[in-house]
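Chain residues, written in single-letter form:
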Amino acid sequence: MKKLKRVLRVLVPILLAVIISAFLFINSLKPDYDGEKVLPGLESEVTVFYDTYGIPHIYADNENDAFRALGYAHAQDRLWQMELLRRVAKGGLSEVFGRDLLETDRFFLSLGISDYTEQTVSRLDMDSDMVILSNAYLDGINEFIKEGPTPIEFYLTGLEKTPFSLEDIYNATGYMAFSFAMAHKTDPLLTNIRNQFGDDYVKDLAIDSDTSTVWINNYKRPDLDSIDINIIGGITRALKKLPIPQFIGSNSWVLAPEKTKNGKVILANDPHVGFAQPSVWYEAHMSTPKYEKYGYHFAGIPFPVLAHDRNLAFGLTMFENDDIDFYFEETHPTDSTKYKTETGWEEYEVVSKNIKVKDSGDITFTYKKTRHGPILNNIAKQIKGERPIAMSWIYTQVENQVIDGLYGMGHAENIDEFEAELPKVHAPGLNVMYGDAAGNVAWWATAKLYQMPDSISTKFVLDGTTGKEERLDYLDFSKNPSAVNPPWNYVYSANNQPDSISGRLYPGYYLPENRARRIVQLLDSKSDWDKESTSEMILDVTSTVNPALVTELIKLLDVTNLSEEQLVQVDALKNWNGEYTLDNTNAVLYHRCEYYVLKNTFEDELGAEQFNQFLSTHLLKRHIAKGTSMESGKWWDNVHTKDIIETRDDIVLKSFADAWYSLINDFGTDPTQWTWEKVHTLEHEHPIGKVESLRKFFNVGPYPVHGTREVINNMAFPYDSTGFYKVNSGPSTRRIIDFSDIENSISILPTGQSGNPFSKHYKDQAELFVNGKFRKMMMNKQEIESSAESVLIFSKE
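Definitions and cut-offs
Residues numbered from 1 in each chain as written. Predicted model: local features only at pLDDT ≥ 70, side-chain atom pairs only at ≥ 80, totals over all residues. Heavy atoms only, no water. Helix = DSSP H or I, 4+ residues; strand = E, 2+ residues; numbered from the N terminus. Areas by Shrake-Rupley, 256 points an atom, 1.4 Å probe, with all protein chains shown as cover. Pairing = 2+ DSSP bridges. Axes fitted to C-alpha atoms, helices over the stretch in contact; angles between N-to-C directions. Buried < 20%, exposed > 50% of the residue type's maximum accessible area, 1.4 Å probe, protein only. Polar contact = N/O pair within 3.5 Å; in protein donor to acceptor, adjacent residues only side chain to side chain. Contact = heavy atoms within 4.5 Å. Salt bridge = Lys/Arg side-chain N within 4 Å of Asp/Glu carboxyl O. Phe/Tyr/Trp six-rings, centres within 6.5 Å; stacked < 30°, edge-to-face > 60°. Lys NZ or Arg CZ within 6 Å of the ring centre and 35° of its normal. Core = buried A, V, L, I, M, F, W, Y, C linked by side-chain atoms within 4.5 Å. Expected span 1.5 Å × (residues − 1). pLDDT = per-residue confidence, 0-100. 1 Å grid on protein atoms, 1.4 Å probe; cavity = no way out; pocket = protein on both sides within 12 Å on 5 of 7 lines; lining within 4 Å. Points joined across faces, edges and corners; volume = space filled by probe spheres on them. Nonpolar A, V, L, I, M, F, W, Y, C, P; charged D, E, K, R; others polar.

Observations regarding the overall build of the protein
And step 1. Scanning the protein for helices and strands turns up 23 helices and 30 strands.
And step 2. Within the structure as shown, the protein displays about 30900 Å² of accessible surface, and the carbon and sulfur contribution to it stands at 49%.

Structure (structure tokens):
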């Protein structure tokens, strides 16, 4: 006993010391939201009030000081996110995560974003207001890197903190531009389908827009070789491993005074982005004597992408225009350094890059470029003997003024000044939504659009050797789709097809009409909208399309082959209103059936890998409605049953049976237990949360969630063979801006404001988000000061 006491006398102090040290270490890693700090470069003192959700309200005497403070505040909550984002374009992820990210690094290096950034930065006017404010923001980030605590992710990965530069801002913008694109998922796959199976199979797919679906109305103010599947698969794998979210789609609508209860404009916006932790947006309210903005900031970019003030508001959705074209190239038969053009043989440009790999030596990556762009064959593994394919991306081929555009949009004081900045955003393609206190509502599609020769479809890989399938001309911005103060008194976008301008439709990868149809249905139904009813609408989980598809499919079932329980569930499906609530069972049976219809229709021809790639495209989503209405078509027949020609009826009956028995296998024989909450869940994954032992600490969730893919509350998921729908994208925020009560406008983030897992604001909005709640975006200084949770003062040296 005495010996034990002696041991305890030694161990207890040691244990206490370890606990105290651990406590002090963890406490030192937390963001510092109060107190006073010296921030070099300030002209005068800056006060930052943090509200109860950790959003900074920055008050400064001038913009330079405000943006310098923003940089510091942004970095102390999101430095790790900034670090990952700036690394994507320059191939720096392998240095953090090891060889598993090599393919991703190769792919993004081959896009040429970092080279394009260097050219852009070299041409900047360093005395312009945009650059001056950008550098002030960077100064704030770098001061935090120098003096602030190191985020825990840097310790876990062994990464050193290094200063940020203008190049990092532009590289982050380049990644954002590419993450909007869809052509890389679709064009090579469609070309393969055409080359493998012929035009009869292609014409049965929903490649072009159906004229009977809902389009966004314009209103102008009166005044042959097969492609190796590894090329497509290599791109898919490269993007799948990205440790940061990609942009997917979005909703937005802006109501004119004639449509609102209080006679003032209301803007609603919920950009759809891949869910991750931290979430994509960092909120900040900045106020100086000459500038005020409540904005949503992308990591490492100083100017807000979504914002409002007392005078105007803007949001965005993805345009989904086609801004990437693929070209078959032809290598000289005896000189592999040359490729064919219409004027003769040109030299391939050979580019070599160095990739740093964690726990390994540097790797040299070499790829070829043609006049169209990088040869993609070099980014995929085990590709042998295929014809070279080049990717032509508009982002890297014209002058880059995107950051100038964001600066200008954020500083515009009226609709005309705002519109004048939009042509600078050449990529990514955006639907920019606008409303103001003067009563204006507007939608503009911003992108550098171009004209192709007649009869050329950019949905397939083009011939790069003849010069006959090249871009003819860039269109003036005035030709872009838009609607300004239309007579129907609202504008909206749900990533669906915009109507024609100058007699032509712009090619793109537009999403089906599902969300658009519901938005138009609701907006047309009343003219007394207010903040409360708009917030209910943005949470709507009803599909007007899926019940119609169910009705069409049920007609094809031979009810004599169904059991009594199956007949009960089929009858319930007939009466389904399309709602996706947690206790709904119709939704589960519908999606199981839909998946098996797709699988039994396409997988026999495409094979497992191409079928899974098809499932990831917008083309697939567009095809669902068209496909179920086609009584005959090449895809219905199962090519593996040589003596039988299957019909639509056969596929639907088999798919219903497959779905039914898979649900019994998963949940038992009682269909009342097949509820949506059991299959439709959301978990916000942190890159380090992929390590199972760290998952609970870094990840947020999982939660069962209302909604589904392609309803207004677009909680989207990929189809796969599991029958469980893990939500991977959806509203990155929900914002309602009401100009009748601007200081009480509302929003929500999916998890929290901070990306630091030791911050109380790491996940304090997560349950509010899944439960459809909102919080105030405060702008009243007196209210901000009186309710502030903490105050951080930056003083000059």
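Overview of the sheet that holds strand β3 (residues 56-59)
And step 1. The 11 strands lie next to each other as β1-β30-β2-β3-β6-β7-β8-β9-β16-β17-β21, forming an open sheet whose pairing is mixed. Of all strands in the sheet, those with a lone pairing partner are β1 (35-38) and β21 (482-484), marking the two edges. Here the average twist between neighbouring strands, direction ignored, is 20 degrees.
And step 2. Taken together, the 2 bridges between strand β8 (residues 306-308) and strand β9 (residues 312-318) define a ladder with antiparallel strand orientation. Within β9, the residue paired with H308 across the bridge is A313.

Let's talk about the side chain of Q277
And step 1. Positionally, Q277 belongs in the loop between β5 (266-274) and β6 (282-287).
And step 2. Relative accessible area serves as the criterion here: at 1%, Q277 is assigned to the buried category.
And step 3. Side chain to side chain, Q277 and T751 meet in a polar contact 2.7 Å long.
And step 4. Apart from residues lying up to four places away in sequence, Q277 is in contact with H684, E685, H686, P687, F698, V700, T751, S754 and Y762.

A closer look at the pattern of salt bridges
Oppositely charged side chains can form a pair if their charged atoms are brought close together.
And step 1. Summed over the entire model, instances satisfying the criterion amount to 30 salt bridges.
And step 2. Notably, a salt bridge pairs D32 with K37, separated by 3.0 Å at the nearest N-O pair.
And step 3. By relative accessible area, which is 28% here, D32 ends up partly exposed.
And step 4. E743 serves as the salt-bridge partner of R310, at 2.8 Å between the closest nitrogen and oxygen. With R310 in the loop between β8 and β9 and E743 in the loop between β27 (734-738) and β28 (746-748), this pair connects stretches of sequence that are 433 residues apart.
And step 5. With a relative accessible area of 37%, R310 lands in the partly exposed category.
And step 6. Relative accessible area serves as the criterion here: at 24%, E743 is assigned to the partly exposed category.
And step 7. Here the residues in one salt-bridge network are E83, R86, R87, K90, E95 and D168, joined through shared partners.

Remarks on the packing of aromatic side chains
And step 1. All told, the structure shown has 43 aromatic pairs when counted by the stated rule.
And step 2. Relative to F178, the ring of F108 has its centre 5.7 Å away and its plane inclined at 80 degrees; by these criteria the two rings are edge-to-face. Placement of F108 in helix α4 (residues 102-111) and of F178 in helix α8 (residues 166-179) is noted, with a sequence separation of 70 residues between them. The same class applies to F108 and to F178, which are both buried.
And step 3. Between the aromatic rings of W281 and Y296, the centroid separation amounts to 6.5 Å while the plane-to-plane angle is 85 degrees, which identifies the pairing as edge-to-face. Placement of the pair is W281 in the loop between β5 and β6 and Y296 in strand β7 (residues 292-297), with a sequence separation of 15 residues. Each member of the pair, W281 as well as Y296, carries the same accessibility label: buried.
And step 4. An aromatic cluster is present here, built from W576, Y580, Y590, Y595, Y596, F611, W676, F717, Y719 and Y725 joined pairwise through their rings.
And step 5. In this structure, K448 is placed above the aromatic ring of Y474, and the distance from its NZ or CZ to the ring centre is 5.6 Å.
And step 6. Looking at K781, its charged tip hangs above the ring of Y59, at a distance of 4.7 Å from the centre.

Things to note about the nonpolar core
And step 1. Counting 156 residues, the largest nonpolar core has L79, I141, F418, W444 and F794 as the members making the most contacts within it.
And step 2. If you tally residues by element for this core, the top one is helix α2 (residues 63-89), at 14 residues.
And step 3. Setting aside residues up to four positions removed in sequence, L79 forms contacts with H74, I141, F144, I145, P151, F154, K161 and F164.
And step 4. With 43 residues, the next largest nonpolar core counts V570, W576, L606 and F611 among its residues.

So, α8
And step 1. Between its terminal C-alpha atoms α8 stretches 20 Å, which fits the 20 Å expected from 14 residues at 1.5 Å a residue.
And step 2. Summarising burial for α8: 13 of the 14 residues are buried, a large majority.

Quick word on the confidence of the model for the protein
And step 1. Per-residue pLDDT for the protein averages 89, and the proportion of residues at 70 or more is 87%.
And step 2. Note on residues 380-385: pLDDT under 50 across the span, and 12 contacts to partners over four residues away in sequence or across chains.

Quick word on the side chain of N699
And step 1. You can see N699 is positioned in the loop between α21 (695-698) and β24 (700-704).
And step 2. Judged by relative accessible area, N699 falls into the buried class, the value being 4%.
And step 3. Only 3.0 Å separates the side chain of N699 from the side chain of E683, close enough to count as a polar contact.
And step 4. Apart from residues lying up to four places away in sequence, N699 is in contact with E683, H684, E685, H686 and G689.

Let's talk about the sheet that holds β24
And step 1. Overall, mixed pairing links the 3 strands, which are arranged β24-β23-β25 in an open sheet. A single partner strand is all that each edge strand has here, and the edge strands are β24 and β25 (725-727). Here the strands of the sheet are splayed against their neighbours by 25 degrees on average, with no regard to which way each runs.
And step 2. Where strand β23 (residues 680-684) and β25 come together, 3 bridges link them in parallel fashion. By the bridge assignment, T681 is partnered in β25 with K726.

Quick notes on empty space enclosed by the protein
And step 1. Taken as a whole, the largest cavity spans an internal volume of roughly 170 Å³.
And step 2. Taken together, 18 residues line the largest cavity, and the ones lying closest to its centre are V597, H623, G627, T628 and W636.
And step 3. Taken together, the elements giving at least two residues each to the lining of the largest cavity come down to α16 (546-554), α18 (586-615) and α19 (618-629).
And step 4. When residues in the lining of the largest cavity are grouped by element, the largest group, 6 residues, is from α18.
And step 5. Considering only residue class, the lining of the largest cavity consists of 10 nonpolar, 5 polar and 3 charged.
And step 6. Taken as a whole, the second largest cavity spans an internal volume of roughly 140 Å³.
And step 7. For the second largest cavity, the lining is made up of 14 residues, of which N514, N546, E594, I624 and E710 are closest to its centre.
And step 8. For the lining of the second largest cavity, the secondary-structure elements that each account for two or more residues are α16, α18 and α19.

Considering helix α14 (residues 514-524)
And step 1. Counting buried positions along α14 yields 8 of 11 residues, so the element is predominantly enclosed.
And step 2. Taken together, the buried positions of α14 are occupied by N514, R515, A516, R518, I519, V520, L522 and L523.

Concerning unusual backbone geometry
And step 1. Q277 connects to P278 through a cis peptide bond whose omega is 0 degrees.
And step 2. Looking at where P278 falls in the secondary structure, it is placed in the loop between β5 and β6.
And step 3. Following G701, the chain continues to P702 via a peptide bond in cis, the omega torsion being 10 degrees.
And step 4. Considering the arrangement of structural elements, one finds P702 in strand β24.
And step 5. Residue E710 is not a glycine yet carries a positive backbone phi of 65 degrees.
And step 6. You can see E710 is positioned in the loop between β24 and β25.

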